[in-house]
Amino acid sequence: MPMYGDLGNKLVQHAKRTQNLAHLPPYQTELVRGVTREVRDLDKDVASLLEPFQGSFDPSADQATACTLLVNHLSMRRNKRCLLAYHRTRTDKLAELVWSGSDVLDLAGHQAGGANGAPAADAGASSSLSPQEEDYFRQYGDLLAAYKGQWTDIDLTGSLEPPRDLFIDVRVLKDAGEIQTEYGAINLTKNSQFYVRQGDVERLIAQGYLQKLG
Amino acid sequence: MSYYDIDSILTDAEKIPCTFQIDIPDLGYLDNTPTQSLKAGTRVNLPLWLAEMLAIANTGDAEGKSFVTFDLPPALGNDVVQALKADPRAVPLRDQSAHFYGLGTHMMELSEEKELAAVLRKTFVTRASEVALHARKVGGVGHRGKGAAEEGSNLGVGGAGEEFLRGLDEWERKLFRKAHDGAKSGKEWMEGIKKN
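Note that the structure is a prediction, hence the values are computed from the model and not measured. (Residues numbered from 1 in each chain as written. Chains lettered and ligands numbered in written order. Predicted model: local features only at pLDDT ≥ 70, side-chain atom pairs only at ≥ 80, totals over all residues. Heavy atoms only, no water.)

Caption draft 1: A look at the interface of chain A and chain B. At the junction of the two partners, chain A supplies 34 residues and chain B supplies 36 residues. Of the roughly 3,100 Å² buried between chain A and chain B on both sides combined, carbon and sulfur atoms contribute 67%. Counting across the chain A and chain B interface gives three salt bridges. Between Lys16 of chain A and Glu170 of chain B there is a salt bridge whose closest N-O contact spans 2.9 Å. For the interface between chain A and chain B, the tally reads seven residue pairs in polar contact (both at pLDDT 80 or more). Elements supplying a minimum of two residues to the side of chain A that touches chain B: α1 (6-19) and α3 (63-99) of chain A. The biggest single contributor to the side of chain A that touches chain B is α3 of chain A, with 19 residues. When its residues are assigned to classes, the side of chain A that touches chain B shows 16 nonpolar, eleven polar and seven charged. (Contact = heavy atoms within 4.5 Å. Buried area = accessible area lost by both parts, 1.4 Å probe. Salt bridge = Lys/Arg side-chain N within 4 Å of Asp/Glu carboxyl O. Polar contact = N/O pair within 3.5 Å; in protein donor to acceptor, adjacent residues only side chain to side chain. Helix = DSSP H or I, 4+ residues; strand = E, 2+ residues; numbered from the N terminus. Nonpolar A, V, L, I, M, F, W, Y, C, P; charged D, E, K, R; others polar.)

Caption draft 2: Representation of a negative patch on the surface in the model. On the surface, Asp41, Asp43 and Asp45 of chain A together with Asp26 of chain B cluster together into a patch of negative charge. Note on placement: Asp41 of chain A falls in helix α2 (residues 29-50). (Patch = residues over 30% accessible without salt bridge, like charges linked within 9 Å, V, L, I, M, F, W, Y side chains within 5 Å. Areas by Shrake-Rupley, 256 points an atom, 1.4 Å probe, with all protein chains shown as cover. Lys, Arg positive; Asp, Glu negative; His and termini not counted. Charge placed at Lys NZ, Arg CZ, Asp CG, Glu CD.)

Caption draft 3: Fine view of the pattern of salt bridges. On inspection of all chains with the given rule, the structure shows 19 salt bridges over all chains. Glu133 of chain A serves as the salt-bridge partner of Arg90 of chain A, at 2.6 Å between the closest nitrogen and oxygen. In this pair, Arg90 of chain A is assigned in helix α3 and Glu133 of chain A in helix α7 (residues 131-148), connecting sequence segments 43 residues apart. One exposure class covers both Arg90 of chain A and Glu133 of chain A, and it is buried. In this structure, Arg89 of chain B engages Asp87 of chain B in a salt bridge whose closest nitrogen and oxygen atoms are separated by 3.5 Å. Looking at Arg89 of chain B, the relative accessible area reads 41%, which means it is partly exposed. For Asp87 of chain B, a relative accessible area of 26% puts it in the partly exposed group. Residues joined in a network through salt bridges with shared partners are Lys16 of chain A together with Asp7, Arg94, Glu170 and Lys174 of chain B. (Buried < 20%, exposed > 50% of the residue type's maximum accessible area, 1.4 Å probe, protein only.)

Caption draft 4: Summary view of the layout of surface pockets. In this structure, the largest pocket spans a volume of roughly 1,200 Å³. Along the wall of the largest pocket there are 33 residues; nearest its centre are Ser159, Glu161, Pro163, Gln198 and Glu202 of chain A. Those elements that place two or more of their residues in the lining of the largest pocket are α8 (198-206) of chain A together with α8 (170-195) of chain B. A total of seven residues in the lining of the largest pocket trace back to one element, the largest contributor, which is α8 of chain A. Of the residues assigned to the lining of the largest pocket, the class counts are eleven nonpolar, eleven polar and eleven charged. (1 Å grid on protein atoms, 1.4 Å probe; cavity = no way out; pocket = protein on both sides within 12 Å on 5 of 7 lines; lining within 4 Å. Points joined across faces, edges and corners; volume = space filled by probe spheres on them.)

Caption draft 5: Fine view of a nonpolar patch on the surface. Judged by side-chain polarity, Trp99, Tyr147, Trp151, Ile154 and Leu156 of chain A come together as a nonpolar surface patch covering roughly 460 Å² of accessible area. You can call Trp151 of chain A partly exposed: its relative accessible area is 36%.

Caption draft 6: Summary view of α8 of chain B. In this model, α8 of chain B (26 residues) spans 37 Å end to end at C-alpha, consistent with the 38 Å of a helix rising 1.5 Å per residue. For α8 of chain B, the full list of buried residues reads Glu170, Glu172, Arg173, Phe176, Arg177 and His180 of chain B. Looking at the buried residues of α8 of chain B, the elements they touch are α1 of chain A together with α1 (6-11), α4 (93-96), α5 (100-110), α6 (114-136) and α7 (162-166) of chain B. Put simply, Asp169 of chain B is the residue that caps the front of α8 of chain B, since its side-chain oxygen is 3.1 Å from the backbone nitrogen of Trp171 of chain B. (Expected span 1.5 Å × (residues − 1).)

Caption draft 7: Seen up close, the domain arrangement of chain B. Residue and element names in this part refer to chain B. Looking at the assigned domains, one finds that chain B contains domain 1 (1-71) and domain 2 (74-196). Residue-level contacts link eleven residues of domain 1 with twelve residues of domain 2. Roughly 1,100 Å² is buried in total at the junction of domain 1 and domain 2, and carbon and sulfur atoms are behind 68% of that figure. Broken down residue by residue, the surface that domain 1 buries against domain 2 is led by Asp7, Glu14 and Phe70, which jointly contribute 40%. Close ionic contact of Asp7 with Lys174 constitutes a salt bridge, the shortest N to O distance being 2.7 Å. (Domains from an automatic or database assignment.)

Caption draft 8: Representation of the packing of aromatic side chains in the model. Scanning all chains against the criterion turns up eleven aromatic pairs over all chains. Considering the side-chain rings of Phe53 of chain A and Phe57 of chain A, the 4.7 Å spacing of their centres and the 70° angle between planes classify their relative orientation as edge-to-face. Judged by centre distance (5.3 Å) and plane angle (90°), the ring pair of Tyr3 of chain B and Tyr4 of chain B falls under edge-to-face. Through a chain of ring-to-ring contacts, the aromatic side chains of Phe100, Tyr101, Phe124 and Trp171 of chain B assemble into a single cluster. The lysine or arginine in question, Arg88 of chain A, covers the ring of Tyr4 of chain B, its NZ or CZ lying 4.2 Å from the ring centre. (Phe/Tyr/Trp six-rings, centres within 6.5 Å; stacked < 30°, edge-to-face > 60°. Lys NZ or Arg CZ within 6 Å of the ring centre and 35° of its normal.)

Following this line, the structure appears as structure tokens:
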């Protein structure tokens with residue numbers, strides 16, 4: 001028998017699975033909507049239960065109603081906790097993705113094309129983020145960039161692995177244009193190989209433009 | 001156990017048997033009969049998040065009785081306790097409850113169960129050393145046990161211990177994963193040193 005809180009539980013099970021994944025699974029729009037609808041229904045129930053009392057409800061005089069109210073209240077509180085925990089799990093993951101430099105919005109970018117057609121179905125297929133999450137991701141990225149900007153000679157998101165060699169061989173997988181290094185400019189065209197300072201190209205490797213050799 | 005802790009939320013969804021102490025017209029749905037009123041004395045399995053507060057809250061009458069009384073869930077019942085007393089390692093806790101210890105801790109917050117507390121403590125200590133033993137067998141064969149299929153976990157299950165490891169509850173699983181990852185990184189680090 002479906003009960004209040006069951007939908008919320010499903011949402012938290014999604015969150016549990018998300019914790020063990022490297023990527024972010026699709027946002028559960030329907031479930032979230034279901035849970036919030038449940039809260040609204042419960043709130044309506046509470047209002048109509050209390051209505052005849054005109055603000056002077058005495059719990060000890062009407063225990064059955066008091067108990068019903070308590071159950072409704074607890075169900076709403078439970079749903080709130082499930083909703084918050086689900087979203088928090090995802091925002092934590094998003095923050096992690098921003099720090100690791102992955103470009104989630106690259107994926108989301110394709111969504112723009114389907115926006116005028118059938119948005120709901122299209123958006124679900126191409127982006128696993130809700131619009132609010134995309135905003136969060138973008139703004140968190142901006143914040144991080146501003147924070148990092150305070151230190152010019154240290155890269156806060158750089159690799160924590162101490163390098164074996166300062167210089168490495170890389171192969172260019174995608175055209176990445178010209179980059180500036182201490183030793184002058186290098187033009188990164190597809191399929192060319194370079195011997196460069198690791199610190200200069202770390203970001204490009206992380207973004208998949210370059211491949212480290214050897 | 002933070003407010004946002006996923007495992008703590010899932011533990012709160014575990015159900016325990018409750019008995020209602022008063023008639024409540026609007027709560028029939030809890031007993032699968034939405035059209036009828038819920039009679040005093042009806043036994044219903046309620047999730048902890050609901051049962052806990054209903055058991056603590058006071059109905060407000062003179063005797064100070066609460067809305068529901070509760071019993072220990074079957075997962076912590078006499079059969080299980082006896083089996084744990086005999087050999088903690090032989091009981092697949094997961095079959096009882098995926099959040100076995102969480103459930104136990106909750107129940108002990110609600111009622112005094114001295115014997116249960118002692119049994120659980122001994123159970124954990126005995127099983128933890130067994131968990132540690134299995135976790136140290138890193139890099140062995142059979143790295144993808146059947147446990148891996150569930151929840152995408154990568155338990156390093158190898159042969160004989162598989163049965164035991166499948167019976168771990170969530171908390172023990174976390175412990176296993178930590179111990180396993182720790183041993184593995186330690187080993188990798190040692191190998192990295194030798195190369196240089």
